[in-house]
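The chain contents come next:
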Amino acid sequence: MATRVETTATNVTAKPALFSLALLAGWLVPGLGHVQAKRPIRGAILFVTITLMFVLGLLMQGKLYVADPGDLLEMLGFVGDLGTGLLYLAARFADLGHGAVQVATADYGTKFIVVAGLLNFIAAIDAHNLRIGRKL
Amino acid sequence: MAAYAPSHFTAVLLFATFASIVFGITQRSAPKAMFRYGVYCWVLFVFSVIAGSWVMYFIKH
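Calculation notes
- Residues numbered from 1 in each chain as written.
- Chains lettered and ligands numbered in written order.
- Predicted model: local features only at pLDDT ≥ 70, side-chain atom pairs only at ≥ 80, totals over all residues.
- Heavy atoms only, no water.
- Phe/Tyr/Trp six-rings, centres within 6.5 Å; stacked < 30°, edge-to-face > 60°.
- Helix = DSSP H or I, 4+ residues; strand = E, 2+ residues; numbered from the N terminus.
- Buried < 20%, exposed > 50% of the residue type's maximum accessible area, 1.4 Å probe, protein only.
- Contact = heavy atoms within 4.5 Å.
- Buried area = accessible area lost by both parts, 1.4 Å probe.
- Nonpolar A, V, L, I, M, F, W, Y, C, P; charged D, E, K, R; others polar.
- Core = buried A, V, L, I, M, F, W, Y, C linked by side-chain atoms within 4.5 Å.
- Patch = residues over 30% accessible without salt bridge, like charges linked within 9 Å, V, L, I, M, F, W, Y side chains within 5 Å.
- Areas by Shrake-Rupley, 256 points an atom, 1.4 Å probe, with all protein chains shown as cover.
- Salt bridge = Lys/Arg side-chain N within 4 Å of Asp/Glu carboxyl O.

Student: Lay out the packing of aromatic side chains in plain terms, naming residues and giving numbers.
Tutor: Residues and elements named next belong to chain B. Counting across every chain of the model gives 9 aromatic pairs over all chains. Ring centres of Phe15 and Phe45 lie 5.9 Å apart, and the angle between their planes is 85 degrees; on these two criteria the pair is classed as edge-to-face. A residue pair is termed long-range when its members are at least 10 positions apart, and Phe15 in helix H1 (residues 8-27) and Phe45 in helix H2 (residues 31-60) qualify at 30 residues. By relative accessible area, Phe45 is classed as partly exposed at 26%.

Given below as structure tokens:
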């Protein structure tokens, strides 16, 4: 005797979304993407870590790069800095990050700011992967 | 704005700590694995700097 089994059709070939709100939120505010992806503790740790790195970079009198299409290194630094999202815009608005060449640790500060931005890019992409289910 | 001027080694420790925390959270899924990977990255950061410093010392002397 044959029995009929009904199953729901699933689209196994569906491609994951290229963009999610978590990606944008995570870029604008460090850790917010993880909060949006329902990982608030990870989000809080990332927020504290990346913000502290950015602020310490500024306190070390690091330099904030600005967009200068004529200078490739300046543009690369700008892209890195821009990774911190609203932190970068707030610091620029507050007229911070002019750099101080006479202070030995100012160059470290500049690197702290750039790396904070790059780490935030990684965190935002991680939030995106969590949101679309690519990562658990 | 108040200035902060850490020593070179303190800057290394801070850098390694921040980067390792983010690497741990983003590159692993389970909390225990995150912690272990973060510690692994931190040790690699710090000890590679110490090793590199000794290499530079012997090159100079």
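And the narrative resumes.
Student: Explain the interface of chain B and chain A to me, and be specific about the residues and the numbers.
Tutor: Taken residue by residue, the interface counts 21 residues in chain B and 24 residues in chain A. At the boundary of chain B with chain A, total buried surface from both sides reaches about 2,000 Å², with 80% on carbon and sulfur atoms. Of all residues in chain B, Met1(B), Phe18(B) and Ile25(B) bury the most surface against chain A, accounting for 28% of the area lost on that side. Residues of the side of chain B that touches chain A, tallied by class, amount to 16 nonpolar, 4 polar and 1 charged.

Student: Tell me what's going on with the nonpolar core, and back it up with residues and numbers.
Tutor: Counting residues in each nonpolar core, the largest one holds 25 residues, and the members touching the most others are Met53(A), Phe54(A), Leu58(A), Leu64(A), Phe112(A) and Leu119(A). When residues of this core are traced back to their parent elements, those giving at least two are helix H3 (40-59), helix H5 (86-93) and helix H6 (106-132) of chain A together with H1 of chain B. For this core, the element with the highest residue contribution is H6(A), accounting for 7 residues. Residues contacting Leu58(A), with those up to four places away along its chain left out, are Leu64(A), Ala91(A), Leu96(A), Gly97(A), Ile113(A) and Met1(B).

Student: Mind laying out a nonpolar patch on the surface, listing which residues take part and the relevant values?
Tutor: All names here are of chain B. A surface patch of nonpolar side chains, about 1,000 Å² in accessible area, is lined by Phe9, Phe35, Val39, Trp42, Val43, Phe47, Ile50, Trp54, Tyr57 and Phe58. As for its placement among the helices and strands, Tyr57 is situated in helix H2. Assessed through its relative accessible area of 39%, Tyr57 is described here as partly exposed.

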